[in-house]
Amino acid sequence: MMIGVADMTIRLYAMTCGWLEMSLKAMLAGAEGRIRVPVPCYLIEHPKGRVLFDSGLNLQVQTDPFARLGKIAKYYGISFEKDTDIAARLNAMGIGVEDIDYLVNSHLHFDHAGGNDALPDCRMVVQRREWDAANDPDIAARIGFMKQDFDHGHDLVLPDGEHDIFGDGSVVCIPTYGHTPGHQSLKVRLPDGDVVLTGDACYLRRTLEEMRLPMILHDADEMRQSLRKLRELQRRGARIFYGHDPEFWAGVPQAPAQVR
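Residues numbered from 1 in each chain as written. Predicted model: local features only at pLDDT ≥ 70, side-chain atom pairs only at ≥ 80, totals over all residues. Heavy atoms only, no water.

## Quick notes on the layout of surface pockets
So, step 1. The space that makes up the largest pocket amounts to roughly 880 Å³.
So, step 2. Lining the largest pocket are 30 residues, and of these I72, Y76, H109, I143 and I216 sit closest to its centre.
So, step 3. Among the secondary structure elements, those contributing two or more residues to the lining of the largest pocket are strand 1 (11-23), strand 2 (34-46), helix 3 (110-113) and helix 5 (137-143).
So, step 4. A class-by-class count of the residues in the lining of the largest pocket yields 17 nonpolar, 6 polar and 7 charged.
So, step 5. Roughly 160 Å³ of volume is contained in the second largest pocket. (1 Å grid on protein atoms, 1.4 Å probe; cavity = no way out; pocket = protein on both sides within 12 Å on 5 of 7 lines; lining within 4 Å. Points joined across faces, edges and corners; volume = space filled by probe spheres on them. Helix = DSSP H or I, 4+ residues; strand = E, 2+ residues; numbered from the N terminus. Nonpolar A, V, L, I, M, F, W, Y, C, P; charged D, E, K, R; others polar.)

## Remarks on empty space enclosed by the protein
In this approach the atoms are scanned with a rolling probe the size of a water molecule, which exposes any empty space left behind.
So, step 1. The tally for this structure, following the rule as stated, stands at 1 cavity of 30 Å³ or more.
So, step 2. In this structure, the largest cavity spans a volume of roughly 60 Å³.
So, step 3. P40, Y42, F53, D54, H112, L197, T198, G199, F241, Y242 and G243 together form the lining of the largest cavity.
So, step 4. Residue composition of the lining of the largest cavity, by class: 6 nonpolar, 4 polar and 1 charged.

## Focus on the pairing of strand 1
So, step 1. Here strand 1 pairs with strand 2 via 11 bridges, running antiparallel. Counted as the bridge partner of W19 is P38 from strand 2.
So, step 2. Pairing of strand 1 with strand 4 (residues 77-79), which is carried by 3 bridges, proceeds in the antiparallel orientation. Following the sheet pairing, W19 is matched in strand 4 by S79. (Pairing = 2+ DSSP bridges.)

## Points about the side chain of E222
So, step 1. By the element assignment, E222 lies in helix 8 (residues 220-235).
So, step 2. A polar side-chain atom of E222 sits 3.1 Å from a polar atom in the side chain of R129.
So, step 3. Excluding its chain neighbours within four sequence positions, the residues that come into contact with E222 are R129, Y177 and G178. (Polar contact = N/O pair within 3.5 Å; in protein donor to acceptor, adjacent residues only side chain to side chain. Contact = heavy atoms within 4.5 Å.)

## Concerning the sheet that holds strand 4
So, step 1. A sheet is described by the order of its strands in space; here 7 strands give the open sequence 4-1-2-3-5-6-7, paired in mixed fashion. Two strands close off the open sheet at either side, each with one partner strand: strand 4 and strand 7 (155-157). For this sheet, the mean inter-axis angle between neighbouring strands, taken without regard to orientation, is 25 degrees.
So, step 2. Here strand 2 pairs with strand 3 (residues 49-53) via 5 bridges, running antiparallel. Its bridge partner lying in strand 3, I44 is registered against V51. (Axes fitted to C-alpha atoms, helices over the stretch in contact; angles between N-to-C directions.)

## A look at the packing of aromatic side chains
So, step 1. Tallied over the entire structure, the rule returns 8 aromatic pairs.
So, step 2. Centre to centre, the rings of Y42 and F53 are 6.4 Å apart; their planes meet at 40 degrees, and the pair counts as tilted. One end of the pair, Y42, is in strand 2; the other, F53, is in strand 3, and 11 residues separate them in sequence. Each of the two residues, Y42 as well as F53, counts as buried.
So, step 3. Consider the rings of W131 and F150, whose centres lie 5.4 Å apart with planes at 75 degrees: the pair is edge-to-face. Taken together, the residues span a long stretch of sequence, with W131 in helix 4 (residues 128-134) and F150 in helix 6 (residues 147-150) at a distance of 19 residues. Each member of the pair W131 and F150 is classed as buried.
So, step 4. Counting every residue linked through ring pairs, the aromatic cluster contains Y42, F53, F241, Y242, F248 and W249.
So, step 5. Looking at R129, its charged tip hangs above the ring of Y177, at a distance of 3.8 Å from the centre. (Phe/Tyr/Trp six-rings, centres within 6.5 Å; stacked < 30°, edge-to-face > 60°. Buried < 20%, exposed > 50% of the residue type's maximum accessible area, 1.4 Å probe, protein only. Lys NZ or Arg CZ within 6 Å of the ring centre and 35° of its normal.)

Pasting the structure below:
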């Protein structure tokens, strides 16, 4: 559902759609202990439409995580309370799932694409190499892709590289490969400057500051290159929104408040 074109303001909203507890070394190779991290989703309101960046966990995880995730569930402590799924978070803002025009998935892991089935009518934007990898049984098994998260018959937009959603430079998909074969981040131009929603290209602030990779990833060289790209965007003035950093997230306004 299109927004009135007379209102040219671009708005960004952040939503916590659950929490995951896991080994810290999964995010920082060699680190000890555990970490509890948010599952973020973002809504961008543009004069030409609404964009959702990632869809979070599937609703079934609230009641039976092992039935939904299988053996993956044993690696996580999952906190996913009622009314924190993506459809409920949008509904609390007075927005129906039918009002979303584009669903941009950073990548197709269960905590970023698990809610895709709740948004059946929008266009799904995912890098072509991510889509191809997720549909290759051998690669999917190795990387942890599950068709139940992403194979819902969406109208697909499959860019190869940068993709400008509205054609005006305000909401742009940026390839940040490495975590998965076709991971992408999203650059959003707000009135006060650009923000970059990194997804899993940059889990934590320490990831970028220390150039410290996670224990498990698809391609280390590509991920380092992606981190260098994010550093350059930061040097140019963009604000980096780290994918799962709980300390950073504590300072991010939650919808219905705007990120400014």
